[in-house]
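The primary structure of each chain is shown beneath.
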Amino acid sequence: MAKKLRVVHYLNQFFGGIGGEEKANTGPQVFGGAIGPGRAIQKAMGDHGEVVATAVCGDNYFGEKMEQAADEIIDLIRPYKPDIVIAGPAFEAGRYGVACGAICKAVQEKLGIRAVTGMYEENPGVEIYHKDVWIIQTGDSIRSMNEAITRMVNLVTKLTDGEKMGKPSEDNYFPRGIVVNEEADRTGAERVVDMLLKKLRGEPFESEVVQPKHLPVVPASRITNIESAIIALVTDGGLVPIGNPDKIEASNATKFGEYSLSGIQTLNSADYDVNHGGYDTALVKQNPNRLVPVDAMRQMEKDKVIGKLYEKFYATAGVSTRAEMARKFGQAIAAELIAAGVSGVILTST
Amino acid sequence: MRLELNVINIKKVQFTKKTGIDKGMLSINREELQKILEEDTRLGSVDIELAQPGEKCRITRVFDAIEPRARLGNGSVDFPGALGKQGVVGDGKTCVLRGAAVLTSQCFTGAEGQSRRAAGGIVDMWGPGAEVGPYGGTCNVVLLPSPSQGTSLSDYLVAIKIAGLKTAVYLAKAGVDLTPNETEVYDMEPFPLTRRDLPELPRVAYIFQIFSNQQLPLPGDPVFYGDNIDGIVPTIIHPNEVFDGAITTLSIDTYLLQNHPILKELYRNHGKSLYLVGVIITNAPNNGPAIERAATIAANQAKFILRADGVILTKYGGGAPEMTMGATAQKCERLGIRTALAIQHAGLDTAEISLKPSTIFTDTPEVDAIVSLGTNVGGPDLTLPVPERVIGMDSVQLAKELVRQVSQIKGATSLIGNSKLMTVRY
């Protein structure tokens, strides 16, 4: 029989009984034993564990000084020698969810112990922390508290008993970014014919694959003074200087390059390579302007159609690129372009 | 179109003075076969090795695998267009040497030979590698063709594709006059559109992507009746033409086309829970208007010519071809045809919070039935032990214990569903 787990529970000012929104600036404190929802956790754990302490912190305090607040809380709970930390559940409360995720992550890194939290799928804390922290799926409101507690304690039990974790749908947690192949009971051919037959008969079936939920992209407002605007060129067609000095990968790229166009009127084949595993690159190698149209842009500068071509172009290879990587590239490039006063981008893809 | 496969079971293979088959032993006159293959001026010398199941033997850079098959009858044509003559396939009788395979091991020197495009896969004849793929259990005739001086990689790949097909026919011709061990019959008759007395079962068609325009077609690549189908529009064919040599590709082993798992499964259910009514072959275009065009034509064919109630779709390639797949499936659904797709994932978004792996296309809620065929980065990993013998290039690097994913074993996984692997999120 495993020893009794020492659990420390994290709550915000509201669940910790300090007060409402007006108390959101309260700094971290720790109390012995369980408070509020912690009592339900204690009950659910029974003899398996004991809520030895509860750390409470205001959502605004945490949100404004995240790393410092986390360190302060860790210092407060360290003397209680926790085996595991449970945070929340935060349901739909955004600041609270982010704080729960952050404290769990910090506790894992700095105390080397496991941490579990719970929140609703739309809580921003999910997207930020789901790969680092075990996050139970909860409903959107306090009405689902019992279910949330049950799920969190179930996860804690599995983590500490050494039992194999089930799939996210079985153990009610958000997927943690681990993607693996497993053997089904039948071949893909048998499964796809069977799935079609069920669909044709109007019988229930479960798709093995879903469509991605892309966040809507709000277009920027139109450029009103194009004849004085700075326009940049960005591509995912894999154009790199000869020798690919930044070693950008031809698929599953993890970086992008930035290359000077200063003094360059047209791109010469001898100066560039095309490193991209998803299309026939011969035509671009022959004349790189086909992908990154420097020659046409220079003409537009001369004709005063645009103000200026931006002095660098950005490039990566868009082959099997992880979507989160593409988002990172886009955000980084956009930040630089905005800082440089660029108003528009021509983005070429292959 | 009724195809009867005369199956002869092969248990062992050897080199002797005369090519023939006796009691499961396939004997091969090596010099005679080499001479035939070396006629192709794109090739220099062609080495041939044999590998039996159970041997601690590893075969590298396996580019294609072909089941030895030859059609019976005077004037019969095999792999029409690919080997020169045109002709009809998919009906009559074809001899099959089951338990044997021709493997072509790519021997192009230099960096090009090691490039992703040409790389090929590994076949192990023993151990964990043999258990996951079909060719660890077949008696293999391995071709090791060298390119002739000045031959480009693209011409070489087409030449070795054809060498494999020629060898498959040469070997199976030794069996055409023998009594088969078993026969398999593939017949879509009685055809439900012409017989009103048949029970009401859903009619199912298969939309089969066999080429992607991400790359230029290789000149001379015998994709469909010997043509490289640059510019193809969706085309209706009989499933037996897929089994019987009308199609070869660069990304799906010929052996798997000859034994197409989805078509075999549809045939298995034919007349019992569905009617298989036809196959539509298509490409995956590389631009929006062409994708829309291909989707429209294929969906119209499925709906108005094949009168399909349901359609299964597979793709050719990684992410980009999923656009064609999604567009085609959506058009089918909007015409009232139910669809089910089978996809092998390329480049999964690991940051996604969805409970299941996802596709690339979106905004097509009607396309709601999708089977996962695994991802080539999701493992599982296999530890392949040290071989006693290595056939093919890179023998020094590969003559040791290797850790490889299942998808790197030739034939273990494919775009057409022969494997049990599926991708899961944790």
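In this text, all values refer to a predicted model and were calculated from it rather than measured experimentally. (Residues numbered from 1 in each chain as written. Chains lettered and ligands numbered in written order. Predicted model: local features only at pLDDT ≥ 70, side-chain atom pairs only at ≥ 80, totals over all residues. Heavy atoms only, no water.)

S.K.: Describe the overall build of chain B, listing the residues and the values that go with them.
M.R.: Per the secondary structure count, chain B includes ten helices and 22 strands. By the compact-globule yardstick of 22 Å for 426 residues, chain B fits well, its C-alpha radius of gyration being 21 Å. For chain B, the spread of C-alpha atoms along the principal axes amounts to about 60 × 55 × 40 Å. A burial count over chain B gives 61% of its 426 residues as buried. A separation threshold of at least 6 residues defines the contact pool for chain B, and within that pool the share at least 24 residues apart is 78%. Summed over its atoms, the accessible surface of chain B is roughly 15800 Å², and 51% of this surface lies on carbon and sulfur atoms. Positive and negative side-chain charges in chain B, numbering 42 and 45 respectively, have mean positions lying 2 Å apart. (Helix = DSSP H or I, 4+ residues; strand = E, 2+ residues; numbered from the N terminus. Rg over C-alpha atoms; globule rule 2.2 N^0.38 Å. Buried < 20%, exposed > 50% of the residue type's maximum accessible area, 1.4 Å probe, protein only. Contact = heavy atoms within 4.5 Å. Areas by Shrake-Rupley, 256 points an atom, 1.4 Å probe, with all protein chains shown as cover. Lys, Arg positive; Asp, Glu negative; His and termini not counted. Charge placed at Lys NZ, Arg CZ, Asp CG, Glu CD.)

S.K.: Which residues make up the confidence of the model for chain B, and what are the values?
M.R.: Detailed reading of predicted coordinates is not advised where the pLDDT is low. Scored by pLDDT, chain B comes out at a mean of 95, with 99% of its residues at no less than 70. Predicted complex, confidence summary: ipTM 0.96, pTM 0.89. (pLDDT = per-residue confidence, 0-100.)

S.K.: Tell me about unusual backbone geometry, and please be specific about residues and values.
M.R.: With an omega of 15°, the peptide bond running from glycine 88 of chain A to proline 89 of chain A counts as cis. Following the sequence through the fold, proline 89 of chain A ends up in the loop between strand S4 (84-87) and helix H4 (94-111). Between glycine 379 of chain B and proline 380 of chain B the backbone carries a cis peptide bond, its omega angle lying at -5°. Phi angles above zero are rare outside glycine, and asparagine 172 of chain A is one such case at about 60°. With respect to the element layout, asparagine 172 of chain A can be found in the loop between helix H7 (168-171) and strand S7 (179-183). Notably, tyrosine 225 of chain B is not glycine yet its phi reads approximately 45°, a positive angle. Residue placement: tyrosine 225 of chain B occurs in the loop between strand S13 (203-212) and strand S14 (235-237). Looking at tyrosine 225 of chain B, the relative accessible area reads 18%, which means it is buried.

S.K.: So what's going on with the pattern of salt bridges? Which residues, and what values?
M.R.: Where side chains of opposite charge bring their charged atoms close, a pairing between them can arise. With the rule as written, the count across this model stands at 40 salt bridges over all chains. One salt bridge connects aspartate 187 of chain B with arginine 2 of chain B, and the closest N-O pair in it is separated by 4.0 Å. Placement of the pair is aspartate 187 of chain B in strand S12 (residues 182-187) and arginine 2 of chain B in strand S1 (residues 2-9), with a sequence separation of 185 residues. Assessed through its relative accessible area of 41%, arginine 2 of chain B is described here as partly exposed. Several salt bridges converge on common partners, so that one network encompasses Asp185, Arg186, Asp194 and Lys198 of chain A. (Salt bridge = Lys/Arg side-chain N within 4 Å of Asp/Glu carboxyl O.)

S.K.: Can you lay out the nonpolar core for me, pointing to particular residues and giving the numbers?
M.R.: With 130 residues, the main nonpolar core has Ile59, Leu97, Phe208, Ile247 and Leu266 of chain B as its most contacted residues. Considering each element in turn, this core owes the most residues, 14 residues, to helix H4 (residues 153-172) of chain B. The residues contacting leucine 97 of chain B, other than those within four sequence positions of it, are Ile8, Ile10, Ile21, Leu26, Glu67, Pro68, Leu171 and Ala172 of chain B. With 59 residues, the next largest nonpolar core counts Ile41, Ala69, Tyr96 and Ile136 of chain A among its residues. (Core = buried A, V, L, I, M, F, W, Y, C linked by side-chain atoms within 4.5 Å.)

S.K.: Describe the confidence of the model for chain A, with residues and values.
M.R.: Chain-level statistics for chain A give a pLDDT mean of 94 and a share of 99% at 70 or above. Confidence, read as mean pLDDT per element, is least for helix H11 (residues 323-339) of chain A in chain A (91) and greatest for helix H8 (residues 188-201) of chain A (98).

S.K.: Run through the sheet that holds strand S6 (residues 134-137) of chain A, naming residues and quoting values.
M.R.: All names here are of chain A. Reading across the sheet, the six strands line up as S2-S3-S1-S4-S5-S6 and stay open at both edges, with mixed pairing between neighbours. Two strands bound the open sheet, and with one partner strand each, they are strand S2 (29-32) and S6. Adjacent strand axes in the sheet meet at a mean angle of 25°, parallel and antiparallel pairs treated alike. In this sheet, S6 lies alongside strand S5 (residues 114-119) in parallel orientation, the contact comprising four bridges. Bridge pairing links methionine 119 to glutamine 137 in S6. H4 contacts strand S1 (5-12), S4 and S5 of the sheet and is inclined by roughly 170° relative to S5. (Pairing = 2+ DSSP bridges. Axes fitted to C-alpha atoms, helices over the stretch in contact; angles between N-to-C directions.)

S.K.: Give me the lowdown on helix H10 (residues 294-302) of chain A, citing residues and values where you can.
M.R.: Residues and elements named next belong to chain A. Buried within H10 are the following residues: Val294, Met297, Arg298 and Glu301. Down the axis, H10 shows its buried residues gathered within 100° of arc, on one side only. Contact partners of the buried residues in H10: strand S8 (230-235), strand S12 (308-315) and strand S13 (344-348). A positive backbone phi angle near 55° is found at lysine 304, which sits one or two residues after H10. (Arc of directions from axis to C-beta.)

S.K.: Explain the interface of chain B and chain A to me, using residue names and the numbers behind them.
M.R.: In this assembly, 69 residues from chain B lie in contact with 59 residues from chain A. Its largest share of buried area at the contact with chain A, chain B owes to Ile353, Lys420 and Tyr426 of chain B, together 17% of the area lost on that side. Linking chain B with chain A are three salt bridges. Lysine 199 of chain A is the salt-bridge partner of aspartate 368 of chain B, the closest N and O atoms lying 2.7 Å from each other. Joining chain B to chain A, the criterion identifies 34 residue pairs in polar contact (both at pLDDT 80 or more). Secondary structure elements with two or more residues in the side of chain B that touches chain A: helix H7 (261-269), strand S16 (310-314), strand S17 (338-345), strand S18 (370-375) and strand S22 (421-425) of chain B. Among the elements that line the side of chain B that touches chain A, the one with the most residues is S17 of chain B, at seven residues. Taken together, the residues that form the side of chain B that touches chain A break down as 33 nonpolar, 23 polar and 13 charged. Where S7 of chain A and S22 of chain B come together, five bridges link them in antiparallel fashion. (Buried area = accessible area lost by both parts, 1.4 Å probe. Polar contact = N/O pair within 3.5 Å; in protein donor to acceptor, adjacent residues only side chain to side chain. Nonpolar A, V, L, I, M, F, W, Y, C, P; charged D, E, K, R; others polar.)

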